[in-house]
Each structure stands twice: as structure tokens, then as C-alpha cells.
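# Coordinates in review
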Amino acid sequence: MKNNSRTFALFGNPVAQSLSPLMHSAAFREMKIDASYRALRVGDARDVPGEMEKLNISGASITIPHKTGIMQYLDTVSDSAARIGAVNTVTRADGRLKGDNTDWTGLISALSEALEIRGKRFAVLGAGGAARAAVYGILTEGGIPVVVNRTVQKGEQVAKEFGCDFCPLEDTGMIKGYCLINTTPVGMFPNMDASPVSAETLQHFEWVMDTIYNPLETRLLKDAGRAGCRTISGATMFVHQGAEQIRIWTGLQPPTELMKKVVLERLKDETN
Ligand code: NAP
């Protein structure tokens, strides 16, 4: 008898703390799709294609540190993933592997739910994969990103590549912007007292978004709330990037609200 059950996985290192198995499994259950999703730790990106073949995995989420390294082992990569230089989603069909990036669509969906992007100025803290996804997305939606980074050379390079302005991290206070987005890991569990910028800096912004989702409310978001800014949590981006993965893998509409509910419940439990 033919087994129609589909297998999905997350590849990264580490993966033990990831909420992706919880979120994706809940979504597949709700969609009545016979599928399993599990986290697999891999030390080297080159092992991912072999594992996908061996375990008959139809779709994979790719996380730190393999989002860039995986690209050379794929048959095709979407234009947006190529421009961003990172793949977080792999689809296997007819023995061929395709790479996509749903971090940028996840981030843009999270922003769009809350605010207007077109014509607005965004300070993007960081110059890594998440920052590149943010800059790409903001430009695509007609916004004006400014790359803000600790290492000047790296920040300037990203700004030049995307044709936008650069500002050193210590000068963030000079930027008059609409929204500040943190894409650095500063403030992430267990270093929850840290923030990438001073609380005073935030007074120049109407909105502050953190891409970190553990903790749910980072020090940056707490400072932003006290400074009178409105805030967006990284959990919203996380849910939307996962929902888009399901759309790519199945062609079906995922239960985004349910996914948000299970992720927020788990993160609230972890905070208490
Ligand atoms: P990455 O490629 O390693 O880039 C990290 C950036 O953060 C670098 O530009 C680095 O600056 C900066 N940075 C690191 N430590 C710093 C510090 N102590 N002070 C100031 N700047 C510092 O990482 P990534 O792949 O872009 O991921 C970054 C974060 O994005 C992750 O930690 C995760 O929380 C978040 N993320 C969230 C989602 C989501 O769905 N919510 C999805 C993807 C990523 P230098 O250039 O100076 O080293």
C-alpha cells in the first residue's frame, strides 16, 4: 500500500530550542495534512541534500548556521533568496531541490499588519542575513532602509549593494526615522538585559520591531514601550515566515492565527 504521509524537517545547529516543530505540526494537523515535521541537527550544510533524499523529506526549513552555506547544494534558488544571499526554505520535488527565502516575506507581513512601509524611513540594525532580508523587503515595498551596523565595513558593504544609506551603530541617535528594526541577536535569551541601542535613541522613532522572539518582549521592546513607541515582536515574523513555507510546500493556505496562538502560548509559558 502506498504511504501518502509527507515528511518535513528543520535543519540547523542547534535546533533543540526551535519552535518550528510545534508550529508546523499544529498547522498540518489543523489542515488535515498527513505529515510529520521534526528538527534535525546537522553540522555541515552539504549533508542536507543527502538527508532529504534518504528520509524522503519534501520540504525543509533551514536555520542558523546553514542559510548561506546551503545555497551551493541546491538546483535552483529564487531571485529574492539569491539577492538576499540566504535560503531558509528548501522544497524537494522530482529529486530536485529549490531554495526560497521566507524571512523577508515574514518580516514584511509582520510590518504590514501594523504600519505603512511605502515612503517611510527604517533603521535596520545589523548587516547579516536577517538584515539583508529586511532591507530587501523594505525596498521591495517602497520603503527607505538605512543600514546600521557595529562593524562599519560590513554595514557599508550591505548598504552599497542595496543602494541605501549606512550609519554606524553608535550614531543611531542621529537617525530621524519612522521605525527601528533590530536584526542583531542582542537581547536574545539568555542575555535578556542587553539592548543594541540606548533607550533615549528610541524617542526618535514611532515604531520599534525586534526580530528576536525569545524572549517575547525584549529589553529593546520594553524600552520602546516606555519611550512611547509602538512595538512589533519577532514572534509575528516567525509565524509569517513559517506560514509562507507551508504555502510553498503545499500550495494551500496555512492557519496563521492558530500558528500564532501556539507560538505565543509556548513563549508566554517560557517567560513565566
Ligand atoms: P548574522 O548573520 O550572524 O548577523 C548578525 C548581525 O548582528 C551582524 O551584523 C552583527 O554585527 C550584529 N551583531 C551581533 N552581535 C552584536 C553585538 N553584540 N552588538 C552589535 N551588533 C551585533 O545573524 P542573522 O542570520 O542575520 O540573524 C540575526 C537575528 O535575527 C537572529 O539572532 C534572530 O533572532 C533573528 N531572526 C529572526 C527571525 C524570525 O523569524 N523572527 C528570522 C531570522 C532571524 P557585526 O557585523 O558587527 O558582527
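About the criteria used
Residues numbered from 1 in each chain as written. Predicted model: local features only at pLDDT ≥ 70, side-chain atom pairs only at ≥ 80, totals over all residues. Heavy atoms only, no water. Helix = DSSP H or I, 4+ residues; strand = E, 2+ residues; numbered from the N terminus. Rg over C-alpha atoms; globule rule 2.2 N^0.38 Å. Buried < 20%, exposed > 50% of the residue type's maximum accessible area, 1.4 Å probe, protein only. Contact = heavy atoms within 4.5 Å. Areas by Shrake-Rupley, 256 points an atom, 1.4 Å probe, with all protein chains shown as cover. Near = heavy atom within 4 Å. Polar contact = N/O pair within 3.5 Å; in protein donor to acceptor, adjacent residues only side chain to side chain. Nonpolar A, V, L, I, M, F, W, Y, C, P; charged D, E, K, R; others polar. Core = buried A, V, L, I, M, F, W, Y, C linked by side-chain atoms within 4.5 Å. Salt bridge = Lys/Arg side-chain N within 4 Å of Asp/Glu carboxyl O. Pairing = 2+ DSSP bridges. Axes fitted to C-alpha atoms, helices over the stretch in contact; angles between N-to-C directions. Patch = residues over 30% accessible without salt bridge, like charges linked within 9 Å, V, L, I, M, F, W, Y side chains within 5 Å. Right-handed = clockwise from strand over helix to strand, strands pointing away. Phe/Tyr/Trp six-rings, centres within 6.5 Å; stacked < 30°, edge-to-face > 60°.

## With respect to the overall build of the chain
The number of helices and strands found in the chain is nine helices and 12 strands. Whereas a compact globule of 272 residues would reach a radius of gyration of roughly 19 Å, the chain reaches 18 Å, a difference of no more than 12%. With the principal axes as the frame, the chain shows a C-alpha extent of 65 × 40 × 30 Å. When burial is assessed residue by residue, the chain has 51% of its 272 residues classed as buried. Contacts in the chain between residues at least 24 apart in sequence constitute 63% of all its contacts with a sequence separation of at least 6. Of the roughly 13000 Å² that the chain leaves accessible, carbon and sulfur atoms contribute 47%.

## Points about the site of the ligand
Around the ligand sit 24 residues, and of these A127, A130, N149, T151 and T211 come closest. One of the backbone N or O atoms of G129 is found 3.1 Å from an oxygen atom in the ligand. Side-chain polar atom of R150 to an oxygen atom of the ligand: 2.9 Å apart, as the coordinates give it. Coverage of the ligand by the protein chains reaches 78% of its 940 Å² of free accessible surface. Those elements that provide at least two residues to the shell around the ligand are α5 (129–140) and α8 (234–250). Looking at the shell around the ligand residue by residue, the class counts come to 10 nonpolar, 10 polar and four charged.

## Considerations on the nonpolar core
Nonpolar side chains tend to gather and get buried jointly when the protein is soluble and globular. Counting residues in each nonpolar core, the largest one holds 30 residues, and the members touching the most others are L111, L115 and F122. With 22 residues, the next largest nonpolar core counts M23, L216, V263 and L267 among its residues.

## Observations concerning the pattern of salt bridges
Scanning the entire structure with this criterion turns up 11 salt bridges. The closest approach of N and O atoms between E53 and R92, which form a salt bridge, is 3.8 Å. With E53 in helix α2 (residues 48–54) and R92 in strand β5 (residues 89–93), the pair connects residues that are 39 residues apart, well separated along the chain. Assessed through its relative accessible area of 17%, R92 is described here as buried. For R226, the salt bridge identified is with D223, shortest N-O distance 3.2 Å. A residue pair is termed a helical-turn pair when its members lie 3 or 4 positions apart in one helix, as R226 and D223 do in helix α7 (residues 219–226) at three residues. Take R226: its relative accessible area is 64%, and that puts it in the exposed class. Here the salt bridges share partners, and the residues they tie into one network are R219, D223 and R226.

## Looking at the sheet that holds strand β4 (residues 76–77)
Whether parallel or antiparallel, the strands of a sheet pair through hydrogen bonds between backbone atoms. A sheet is described by the order of its strands in space; here six strands give the open sequence β2-β1-β3-β5-β6-β4, paired in mixed fashion. The two strands at the open ends of the sheet, each matched to only one other strand, are β2 (35–41) and β4. Relative to strand β6 (residues 96–100), β5 runs antiparallel, the two being bridged by five bridges. Paired with R92 across the strands is L97, a residue of β6. In this fold helix α1 (residues 20–30) packs onto β1 (6–12), β2 and β3 (57–62), with an angle of close to 170° to the strand it touches most, β2.

## Focus on a nonpolar patch on the surface
Together, M188, F189 and M192 make up a nonpolar patch on the protein surface, roughly 290 Å² of accessible area in all. Secondary-structure assignment places F189 in the loop between β10 (179–182) and β11 (207–210). Look at F189 and you get exposed, because its relative accessible area is 52%.

## Let's talk about the pairing of strand β8 (residues 144–149)
Side-chain direction in a regular strand flips from residue to residue, so the side chains alternate between the two faces of the sheet. Judged by how many residues are buried, β8 sits mostly within the fold: five of six residues are covered. Sheet topology places strand β7 (residues 121–125) next to β8; five bridges connect them, and they run parallel. Counted as the bridge partner of A123 is V146 from β8. Note that the unit made of β7, α5 and β8 has a crossover that is right-handed. In this structure, β8 lies alongside strand β9 (residues 165–168), joined through four bridges in parallel fashion. Each bridged residue has a counterpart across the sheet, and for V146 the counterpart in β9 is D165. Chirality of the crossover, the property in question, places the unit of β8, helix α6 (residues 152–162) and β9 among those that are right-handed.

## Some remarks on the packing of aromatic side chains
The full count for this structure, using the stated rule, is six aromatic pairs. Arranged with centres 6.5 Å apart and planes meeting at 40°, the rings of Y37 and W249 form a pair that is tilted. Of the two residues, Y37 sits in strand β2 while W249 sits in helix α8, which places them 212 residues apart along the sequence. With respect to class, Y37 is no different from W249; both count as buried. Aromatic pair F122 and Y178: ring centres 6.2 Å apart, planes at 85°, arrangement edge-to-face.

Interpretation in functional terms is not warranted from these geometric data alone.
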